[in-house]
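Descriptive analysis of the structure
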Amino acid sequence: SEAFDRLSTLHILQTFQFPTFLGTDSPVLWFGLFSLVGSLLGLAASEAMKRLHPEGLNRGVPARLLAALATVQVASTLVFALAGSLWLAIGATWVKGVAGTIAHPLSGAWMNRNLESQTRATVLSMEGQMNAIGQVAGGPPLGWVGSAWSVRAALVGSGLVLSPIIALYARAASHRERPLTTEEVQEAAAD
């Protein structure tokens, strides 16, 4: 996601013209509005996640839901990169953000639930380290693609680099796991 995080604003500024609103077409105003709407959508998604009933998260369901959310994130990244209109690009950004808002606590609860207490801290630490390594290993090469070819190509690459996670979550859905409790869902959503 490093390339998307770093290049999405540049892509919008280079690719689209902002409409006039309140007498101005200032990118600062528009990015503020986009961020406000994205935050409100994220809050609504987070609240919905907190209310999720644990019986809906029986064996295999969290991993399948995470696979679906990863699919949404990859697809919205590709739509954003290839969008021909500002509103489609912004909508894709909001969809990607909502999917990430839902996936993050669900992933944390799912991993915690399936880890033995003796290895939990180590595995969670490794997950954070792998995320950081992925950002460092993936960001600069995709930045180079953005410089050498185009920002759009780097953003498409960002979506494609994220796509293997879909298959990994789908594979994990076939393994046995215990259902999430109400407390685990609410605790993860609160984080």
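Residues numbered from 1 in each chain as written. Predicted model: local features only at pLDDT ≥ 70, side-chain atom pairs only at ≥ 80, totals over all residues. Heavy atoms only, no water.

1. Here's the deal with the packing of helix α1 (residues 2-15) against helix α3 (residues 61-82)
- Two elements in contact, α1 and α3, have axes separated by 10 Å at closest approach and are oriented at 30°. Relative to α3, the element α1 is oriented roughly parallel. In this structure, α1 crosses over α3, and the sense of that crossing is left-handed. Facing α1, whose interface residues are Phe4, Ser8, His11 and Ile12, α3 presents Thr77, Phe80 and Ala81. (Axes fitted to C-alpha atoms, helices over the stretch in contact; angles between N-to-C directions. Helix = DSSP H or I, 4+ residues; strand = E, 2+ residues; numbered from the N terminus. Parallel < 35°, antiparallel > 145°, perpendicular 65-115°, else oblique. Left-handed = near helix turned anticlockwise from the far one by under 90°. Contact = heavy atoms within 4.5 Å.)

2. A short note on the confidence of the model for the chain
- Across the chain, pLDDT averages 84, with 86% of residues at or above 70.
- Per-element mean pLDDT across the chain ranges from 64 in helix α8 (residues 182-190) up to 92 in α3. (pLDDT = per-residue confidence, 0-100.)

3. Some words on the packing of aromatic side chains
- Using the criterion set out here, one finds 10 aromatic pairs in the structure.
- The interplanar angle of 90° and the centroid separation of 5.9 Å between the aromatic rings of Phe34 and Trp87 together place this pair among those described as edge-to-face. You can see Phe34 sitting in helix α2 (residues 27-50) and its partner Trp87 sitting in helix α4 (residues 86-114), a full 53 residues away along the chain.
- What makes Phe34 buried here is its relative accessible area of 7%.
- Ring centres 6.5 Å apart and planes at 70° place the aromatic pair Phe34 and Trp94 in the edge-to-face group. Here Phe34, found in helix α2, pairs with Trp94, found in helix α4; they are 60 residues apart in sequence, far enough to count as distant.
- Residue Trp94 is classed as partly exposed on the basis of its relative accessible area of 22%. (Phe/Tyr/Trp six-rings, centres within 6.5 Å; stacked < 30°, edge-to-face > 60°. Buried < 20%, exposed > 50% of the residue type's maximum accessible area, 1.4 Å probe, protein only.)

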